[in-house]
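Commentary on secondary and tertiary structure
Next come the chains, spelled out residue by residue.
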Amino acid sequence: MVLSALSFSLMSVCVKQLEGAIPVAEVVLARSVVSLALSWWLLKHLGLNPWGERRRMLVLRGVVGTLALYCVYAALAELPLAAATVFQYLYPTFTTALAWGALGELAGKRIFAAMAFGWLGVWLVAQPFGATPLEPWAVAIAITGALLTSIAYVTVRSLANYEDPMVIVFYFPLVSLPLSMPWVMANPVMPSGADWAWLVGVGLFTQLGQIFLTKGLTQMPAAKATAISYVQVIFAAGWGALWFGELINISTVAGALLVLLATILSLKPPHRPPQFH
């Protein structure tokens, strides 16, 4: 999950670097093409059946994931990198509730404490004192993306007992490519120069992130896995400062420390009372 967070943070840098010059639909399409090619090659290399067993659920995961991508990429184009990422990381709270209701996963006190610290950290990073207020519509898009992301992640968790992780990864671009094509054809923009490299980077780092994410989600409860991935907020703050000159203030540092605390809490195994025989 930590490797997934690092990969997605680098994907965010690539999207942000495009500076809105390429429409969101075209960025999603480029990501889909690269990811689909890599997924197909990996499936053939591993000798796996790419079509899976729970096809309706796999398609649903692809649709919800694609809608989430549109929201996340749009937010990255309009908001500071750290702010867009922390809004996206509202999704673990949604995921905990959904996993409890839909999958019957137990969310112990330690996980709830991690969620509470993480939520407070998100608030501190997203609302630095004295900063210019963020555009409300951009914030709304980012939060919608977080909700859709949580639905997609719970869907991945429900598929864990039936599908190979690579099949789940493969269906994402398989669905997002045809969904993106009509929007791209309606407003095509030819990338120029370095834009091609950034688009390939979006696809490459997203693919890596999806592989690590899917493996993580299929090997531990959804709530704990997503709490660990909070570390992406720290990566985002670092890239924002180093790459885009975005200032990191006391509020951002405090929020990042709370997010780190949430990650540590989620990793620490719960206490088990001694057994007497």
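Coordinates for the structure precede this section.
Residues numbered from 1 in each chain as written. Predicted model: local features only at pLDDT ≥ 70, side-chain atom pairs only at ≥ 80, totals over all residues. Heavy atoms only, no water.

Remarks on the nonpolar core
Quick note on the threshold: For our purposes a nonpolar core is just a set of buried Ala, Val, Leu, Ile, Met, Phe, Trp, Tyr and Cys residues, chained together by side-chain atoms within 4.5 Å. Throughout, exposure labels follow a simple rule: accessible area from a 1.4 Å probe, protein chains only, divided by the maximum for the residue type, with under 20% read as buried, over 50% as exposed, and the rest as partly exposed. Only heavy atoms enter the contact rule, under which two residues are in contact if any of them lie within 4.5 Å.
V27 and Y73 are the most contacted members of the largest nonpolar core, which has 69 residues in total. Among all residues touching V27, those that are not within four sequence positions of it are V15, L18, I22, Y73, L199 and V202.

A closer look at the packing of helix α7 (residues 136-159) against helix α9 (residues 195-217)
Helix packing for two helices is described by the angle between their axes and how far apart those axes are. Put simply, the rule is: Simply put, an axis is a line fit to the C-alpha atoms, just over the touching stretch for a helix, and the angle between two N-to-C directions goes from 0 to 180 degrees. Numbering of helices and strands runs from the N terminus, with a helix taken as a DSSP run of H or I at least four residues long and a strand as a DSSP run of E at least two residues long. The scheme is simple: roughly parallel for angles under 35 degrees, roughly antiparallel for over 145, roughly perpendicular for 65 to 115, oblique for anything else. For any pair of crossing helices, the crossing counts as left-handed if the nearer helix is rotated counterclockwise from the farther one by less than a right angle, and right-handed if it is rotated clockwise. Three classes are used, and their members are as follows: Ala, Val, Leu, Ile, Met, Phe, Trp, Tyr, Cys and Pro are nonpolar, Asp, Glu, Lys and Arg are charged, and the others, Gly among them, are polar.
Across the interface, α7 lies against α9 with an axial gap of 9 Å and an inter-helix angle of 60 degrees. Judged on the interaxial angle alone, α9 and α7 are oblique. Along this stretch, α7 crosses α9, giving a crossing that reads as right-handed. The residues of α9 that touch α7, namely those facing Y153, V156 and R157, are L213, T214 and L217. A class-by-class count of the residues in the contact of α7 with α9 yields 4 nonpolar, 1 polar and 1 charged.

Regarding helix α4 (residues 81-88)
Among the 8 residues that make up α4, 8 are buried, leaving the element largely enclosed by the rest of the structure. Every buried residue of α4 is listed here: L81, A82, A83, A84, T85, V86, F87 and Q88.

Overview of the packing of aromatic side chains
Aromatic rings considered in pairs are described by the distance between their centres and by the relative angle of their planes. Quick note on the threshold: Stacked, edge-to-face and tilted labels apply to pairs of Phe, Tyr and Trp rings (six-membered ring for Trp) whose centres lie within 6.5 Å, assigned for plane angles under 30 degrees, over 60, and everything in between, in that order. A ring is scored as having a charge over it whenever the NZ atom of a lysine or the CZ atom of an arginine sits within 6 Å of its centre and within 35 degrees of its normal.
Taken as a whole, this structure holds 5 aromatic pairs when the rule is applied. Summarising the aromatic geometry, the rings of F170 and Y171 are spaced 6.0 Å apart at their centres and angled 85 degrees between planes, so their arrangement reads as edge-to-face. One exposure class covers both F170 and Y171, and it is buried. With a centroid separation of 6.1 Å and 90 degrees between ring planes, the pair formed by W198 and W243 is classed as edge-to-face. Taken as a pair, W198 in helix α9 and W243 in helix α11 (residues 232-244) lie far apart in primary sequence, 45 residues in all. Overall, W243 belongs to the partly exposed group, its relative accessible area being 48%. Through a chain of ring-to-ring contacts, the aromatic side chains of W40, W51, F170 and Y171 assemble into a single cluster. Positioned over the ring face of F172 is R31, at 4.2 Å from the centre of the ring.

Some thoughts on the environment of T218
In this fold, T218 is placed in the loop between α9 and α10 (222-228). Sequence separation between T218 and R157 is 61 residues; the distance between their C-alpha atoms is 5.9 Å. Once you skip the residues sitting within four places of it in the chain, T218 turns out to touch R157, A160 and P165.

Side note on the side chain of Q210
This is how the line gets drawn: Pairs of N or O atoms are called polar contacts if they sit within 3.5 Å, as long as, within protein, a hydrogen donor faces a hydrogen acceptor (for residues adjacent in sequence, only side-chain-to-side-chain pairs).
Summarising the element assignment, Q210 is placed in helix α9. What makes Q210 buried here is its relative accessible area of 6%. In terms of polar contacts, Q210 uses its side chain to reach the side chain of R61, at 3.1 Å.

Considering the side chain of S9
Locating S9 in the fold gives a position in helix α1 (residues 2-17). Of note is the side chain of S9, whose polar atom sits 2.6 Å from the backbone oxygen of L6. In this structure, S9 is in contact with Q232, F235, A236 and W239, ignoring residues within four places of it in sequence.

Examining the environment of G203
In this fold, G203 is placed in helix α9. Here G203 falls in the buried class, since its relative accessible area comes to 0%. Placed 167 residues apart in sequence, G203 and L36 show a C-alpha to C-alpha distance of 9.1 Å. For G203, the contacting residues outside a window of four places in its chain are R31 and V34.

Notes on the environment of L199
One can find L199 in helix α9. Considering only alpha carbons, one finds L199 and V28, 171 residues apart in sequence, at a separation of 9.1 Å. In this structure, L199 is in contact with L18, I22, V27, A30 and P191, ignoring residues within four places of it in sequence.

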